[in-house]
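The lines below spell out each chain.
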Amino acid sequence: MACSNSLLKSCQKLFKMMSDSKTFENVMKNVQVTAASHGKVVCEVTVEKDHLNRNGGMHGGFTATLVDQITAIAVMTKEGQLPGVSVDLNVSYLNGAKAGDLLEIRSECLKFGKSLAFTTVDILRKSDGTLIATGRLTNHISGTY
């Protein structure tokens with residue numbers, strides 16, 4: 001993926017704002033943006049104890065949050081795009097992840113419409129390329145700055 005340095009820095013700044021938040025978005029505090037280009041973003045996160053369910057696997061709610069938040073960043077890579085609101089979220093849970101697993105999250109905006117953006121995301125275990133989950137999100141885009 002061709003990566004704009006200024007776009008990458010902007011995406012990293014957005015995740016820093018989330019990690020400093022005292023809201024639910026703080027769950028994203030350890031996500032690192034590794035690449036960004038128009039309509040695309042790649043991130044990494046190591047699964048931690050706080051991300052697990054009582055059976056020791058990555059919690060489905062954390063997976064859904066990754067889909068929601070990282071697709072929003074992919075939408076915001078469009079020049080001047082303000083954050084929008086999620087209107088439809090779908091996650092397919094394909095394999096488990098456990099504490100210590102390094103995940104790569106790849107998100108792409110498939111279409112920017114007049115009022116909606118359609119995105120997709122794949123979450124993979126980086127060590128072996130296993131697809132952990134895949135998701136789609138429709139975002140109501142609220143305008144540009």
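Every value quoted in this text rests on a predicted model; they were computed, and no experiment measured them. (Residues numbered from 1 in each chain as written. Predicted model: local features only at pLDDT ≥ 70, side-chain atom pairs only at ≥ 80, totals over all residues. Heavy atoms only, no water.)

Across its full length, the chain carries two helices and six strands. What you see in the chain, going N to C, is helices and strands ordered as α-β-β-α-β-β-β-β. For 145 residues, the compact-globule estimate of 2.2 N^0.38 gives 15 Å, and the chain sits close to it at 14 Å. Among the 145 residues that make up the chain, the fraction classed as buried is 42%. Considering only contacts within the chain whose residues lie at least 6 apart along the sequence, 65% involve residues at least 24 apart. Per element, the accessible surface of the chain, about 7,800 Å² overall, is 51% carbon and sulfur. (Helix = DSSP H or I, 4+ residues; strand = E, 2+ residues; numbered from the N terminus. Rg over C-alpha atoms; globule rule 2.2 N^0.38 Å. Buried < 20%, exposed > 50% of the residue type's maximum accessible area, 1.4 Å probe, protein only. Contact = heavy atoms within 4.5 Å. Areas by Shrake-Rupley, 256 points an atom, 1.4 Å probe, with all protein chains shown as cover.)

Now for the pairing of strand β6 (residues 131-140). In the sheet, strand β3 (residues 85-93) pairs with β6 via eight bridges, with the strands oriented antiparallel. From the neighbouring strand, S86 faces β6, where its bridge partner is N139. Remark: five residues form the turn of the hairpin made by strand β5 (residues 116-125) and β6, two consecutive strands paired antiparallel; G129 in that turn has positive phi of roughly 75°. (Pairing = 2+ DSSP bridges.)

Another aspect to go through is the environment of L89. Take L89: it is sitting in strand β3. For L89, a relative accessible area of 41% translates into the label partly exposed. Separated by 29 residues in the primary sequence, L89 and F118 have C-alpha atoms spaced 10 Å apart. Not counting chain neighbours up to four residues away, the residues in contact with L89 comprise A64, V67, D68, R136 and L137.

The next thing to look at is the pattern of salt bridges. Close approach of charged atoms lets side chains of opposite charge pair. Tallying each qualifying case throughout the model produces five salt bridges. With a closest N to O distance of 2.2 Å, K126 and E44 form a salt bridge. A residue pair is termed long-range when its members are at least 10 positions apart, and K126 in the loop between β5 and β6 and E44 in strand β2 (residues 40-46) qualify at 82 residues. Owing to a relative accessible area of 17%, E44 belongs among the buried residues under this scheme. For K98, the salt bridge identified is with D101, shortest N-O distance 3.4 Å. For D101, a relative accessible area of 8% gives the class buried. Among the charged side chains, a network of salt bridges with common partners joins K98, D101, R125 and D128. (Salt bridge = Lys/Arg side-chain N within 4 Å of Asp/Glu carboxyl O.)

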